[in-house]
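Overview (structure and organization)
Read off the chains here:
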Amino acid sequence: MLHPITFAAARRLSVEEHRRQQAREHACRSWENWCVKAASAYSRQVLGEDATSLPWEPVGVLPSDTQLQAIASLGAAAEQRFALHYHRGEEEDETLTLHTACLSCTSQRAEAVTSLGQLGLLLSRTRLWPSIAPHNGNHEGGVFG
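Residues numbered from 1 in each chain as written. Predicted model: local features only at pLDDT ≥ 70, side-chain atom pairs only at ≥ 80, totals over all residues. Heavy atoms only, no water.

So, on to the overall build of the protein. The number of helices and strands found in the protein is three helices and five strands. In the protein, the order of α-helices and β-strands from amino to carboxyl end is α-β-β-β-β-β-α-α. Buried positions account for 27% of the 145 residues belonging to the protein. (Helix = DSSP H or I, 4+ residues; strand = E, 2+ residues; numbered from the N terminus. Buried < 20%, exposed > 50% of the residue type's maximum accessible area, 1.4 Å probe, protein only.)

Structure (C-alpha cells):
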C-alpha cells in the first residue's frame, strides 16, 4: 500500500503544472497583444493614418521578450502575394519590410519600407502596379480603390 504522501505529492505536482500552463497561456496572449500594438503603432508612424486598418498578426514566439514580429497581409493579385512585416529587435530598432512572393514560382523579395511614398515606389515595380495605379487624374487605385 502506498503512503498518503505519494498522493499528496502527485496532487501538488498536478496543481503546479496546471498553474504553470495557465501562466504560459497568459504570457503568450499578452505577448501577441503587445506585438500587434507595437506593429500597429510603428506602421501608423511610418505610413500614416491609412495604416490603422492593417490586419496585423503576431509571428511566432521569439526567444527574447524584447523581440517582436508581426505580419499584415496586403492581399494577392497579378500572381503575387504582398505582405508587410514588422520587426523590433532587442535594441528596440523597428523596421517595416514589404515581402512580395510569386504564387507560381519560388521567387520572393523583401524590401525595407520607410514611408507611404516609398511603399508606392516599391509597388510600382511589381506586376500589380497597372491594376492599382491612379488613372486619368483619379487618385483611387483600380484593384483596391
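Next comes the rest of the account.
Before going further, it helps to examine helix H2 (residues 116-124). Where H2 is concerned, the buried positions are Leu119, Leu122 and Leu123. Buried positions in H2, seen along its axis, are confined to an arc of 100° and lie on one side of it. (Arc of directions from axis to C-beta.)

Our next topic: the packing of aromatic side chains. A complete count under the given rule lists two aromatic pairs for this structure. Between Tyr42 and Tyr86, the aromatic rings sit 6.0 Å apart at their centres with planes inclined by 50°, giving tilted as the arrangement. Of this pair, Tyr42 sits in helix H1 (residues 4-47) while Tyr86 is found in strand S3 (residues 80-88), placing the two residues 44 residues apart along the sequence. In this structure Tyr42 comes out as buried when scored by relative accessible area, which is 14%. By relative accessible area, Tyr86 is classed as buried at 1%. Among the aromatic side chains, those forming a connected cluster through ring pairs are Tyr42, Trp56 and Tyr86. (Phe/Tyr/Trp six-rings, centres within 6.5 Å; stacked < 30°, edge-to-face > 60°.)

Pairing of S3 with strand S4 (residues 94-102), which is carried by nine bridges, proceeds in the antiparallel orientation. Within the sheet, the bridge partner assigned to His87 lies in S4 and is Thr95. Linkage of S3 to S4, two consecutive antiparallel strands, is achieved through a turn of five residues, within which Glu92 is found at a positive phi near 65°. Direction of pairing for S4 relative to strand S5 (residues 108-113): antiparallel, over a ladder of six bridges. From the neighbouring strand, His99 faces S5, where its bridge partner is Ala110. Connecting S4 to the next strand, S5, in antiparallel fashion are five residues. (Pairing = 2+ DSSP bridges.)

On to the pattern of salt bridges, then. Taken as a whole, this structure holds three salt bridges when the rule is applied. Across the pair Glu17 and Arg20 runs a salt bridge whose closest N-O atoms are separated by 3.0 Å. Residue Glu17 and its partner Arg20 are located together in helix H1, separated by three residues, close to a single helical turn. Among the residues examined, Glu17 registers a relative accessible area of 34% and is labelled partly exposed. By relative accessible area, Arg20 is classed as partly exposed at 38%. (Salt bridge = Lys/Arg side-chain N within 4 Å of Asp/Glu carboxyl O.)

Looking now at the confidence of the model for the protein. Looking at the protein, the pLDDT average stands at 83 and 83% of residues meet or exceed 70. Summarising per-element confidence for the protein, the mean pLDDT is lowest in helix H3 (residues 129-132) (79) and highest in S5 (94). In the predicted structure, residues 141-145 sits below a pLDDT of 50 and forms 12 contacts with residues beyond four places in sequence or in another chain. (pLDDT = per-residue confidence, 0-100. Contact = heavy atoms within 4.5 Å.)

Counting 25 residues, the largest nonpolar core has Leu47, Trp56, Leu84, Tyr86, Leu96, Leu98 and Val113 as its most contacted members. The leading source of residues in this core is H1, at seven residues. Residues within four places of Leu98 in sequence aside, it is in contact with Leu74, Phe82, Ala83, Leu84, Arg109, Ala110, Glu111, Val113, Leu119, Leu122 and Leu123. (Core = buried A, V, L, I, M, F, W, Y, C linked by side-chain atoms within 4.5 Å.)

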